[in-house]
Amino acid sequence: MIFSDWLSISIVCLIGAMTPGPSLLIVSYQTTSFGLKNGIVFSFSHGLGIFLYAFVTAIGIGLLITKSPILYNGIQIVGIVFLIYLSFQMLTFKMETPALENKKEIYKNPFLVGVTASIVNPKIILFFTSIFSQFIKPEMIFIEKIYIAFLASIIDITWYILVSFFIQHSISKYIKNNISVFMKIIGLILALTTIILIKNLL
C-alpha cells in the first residue's frame, strides 16, 4: 500500500468516527454522569469493537453479513433494542439517585457499554459494510488488513477520548446544575434516532 491509500483510509475512518450517532450520545452520558475515567474506558472499548468490525470487513466477512438478510437484520434489531434501553435510561435519569450505587447497573461497566455500543450500532454496521469496504483492495496482504483494522481502531479511540476531554472540561456550570435535564435531552435525541432506524428497518 502506498501513502495515498493510508491517507484515504485514515480520512474516511476519521469522518466515520466524527459523524454524529448513538455512540456520541452514549460517551456524552458516560463522561457527564460518571466522569472522565468512564469516558476514556468507553473510548478504548468502543475502539476494540471498531477493530473487530474493521478486521472482519477487511477479510471479507463484512460482505457475508450484508448478503445474509437474516443475520444483517438480526444485528440491526439487537442494536435497536440496545438503543431503546439506553434512551430509556437517559430519559429516566435522576441525579439524586446515582446510578453507580446500583451494582447491577450496566453503566457501572463502561467497558461493556463501549464494546456493545460499537458492535450493535446500526450506523457502524452501515459504515463498514457500505463505505469502509470500498477501500479494501483484493491485492492487500493479511498483515496490511490487520494494520488497517488497528488504524481504524486508533482513530476511533482518539476521537472519543478528545470528545470526553472536551465534555469534561468545557461543560458549563449551568449544565452541571441541570444535569438531569441535559440527560433527558440526550435521551430524547437518542430515542428519535432509534425511531428513524426502526422506520428504515421496516
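To be clear, the structure that these remarks concern was listed above.
Rules of the game
Residues numbered from 1 in each chain as written. Predicted model: local features only at pLDDT ≥ 70, side-chain atom pairs only at ≥ 80, totals over all residues. Heavy atoms only, no water. Core = buried A, V, L, I, M, F, W, Y, C linked by side-chain atoms within 4.5 Å. Buried < 20%, exposed > 50% of the residue type's maximum accessible area, 1.4 Å probe, protein only. Helix = DSSP H or I, 4+ residues; strand = E, 2+ residues; numbered from the N terminus. Contact = heavy atoms within 4.5 Å. Phe/Tyr/Trp six-rings, centres within 6.5 Å; stacked < 30°, edge-to-face > 60°. Axes fitted to C-alpha atoms, helices over the stretch in contact; angles between N-to-C directions. Left-handed = near helix turned anticlockwise from the far one by under 90°. Nonpolar A, V, L, I, M, F, W, Y, C, P; charged D, E, K, R; others polar.

**Q** What is the right way to read the nonpolar core from this model?
**A** Note on soluble globular proteins: their nonpolar side chains tend to be buried together. Grouped together as the largest cluster of nonpolar side chains are 19 residues, with contacts concentrated most on Ile-9, Cys-13, Ala-54, Phe-128, Phe-132, Ile-136 and Ile-148. When residues of this core are assigned to their parent elements, the largest contribution, five residues, is made by helix α3 (residues 36-58). Apart from residues no more than four positions distant in its own chain, Cys-13 is found in contact with Phe-127, Phe-132, Ala-152 and Ile-155. Grouped together as the second largest cluster of nonpolar side chains are 17 residues, Leu-25, Phe-42, Tyr-160 and Val-163 included.

**Q** Sorry if this is basic, but what is going on with the packing of aromatic side chains here?
**A** Where two aromatic rings form a pair, the distance of their centres and the angle of their planes describe that pair. This structure, assessed with the given rule, holds five aromatic pairs. Ring geometry for Tyr-53 and Phe-128: centres 6.0 Å apart, planes at 10°, overall stacked. A residue pair is termed long-range when its members are at least 10 positions apart, and Tyr-53 in helix α3 and Phe-128 in helix α7 (residues 122-130) qualify at 75 residues. In terms of burial, Tyr-53 and Phe-128 fall into one category: buried.

**Q** For this particular structure, what's the right way to read the packing of α3 against helix α6 (residues 110-119)?
**A** Each packed pair of helices is defined by two parameters, the angle between the axes and the distance between the axes. The N-to-C vectors of α3 and α6 enclose an angle of 35°; their axes lie 7 Å apart at closest approach. Where α3 crosses over α6, the two elements pack in a sense that is right-handed. In contact with Asn-38, Val-41, Phe-42, Ser-45, His-46, Leu-48, Gly-49, Ile-50 and Tyr-53 of α3, α6 contributes Pro-110, Phe-111, Val-113, Gly-114, Val-115, Ala-117, Ser-118 and Ile-119. In the contact of α3 with α6, the residues fall into 11 nonpolar, six polar and no charged.

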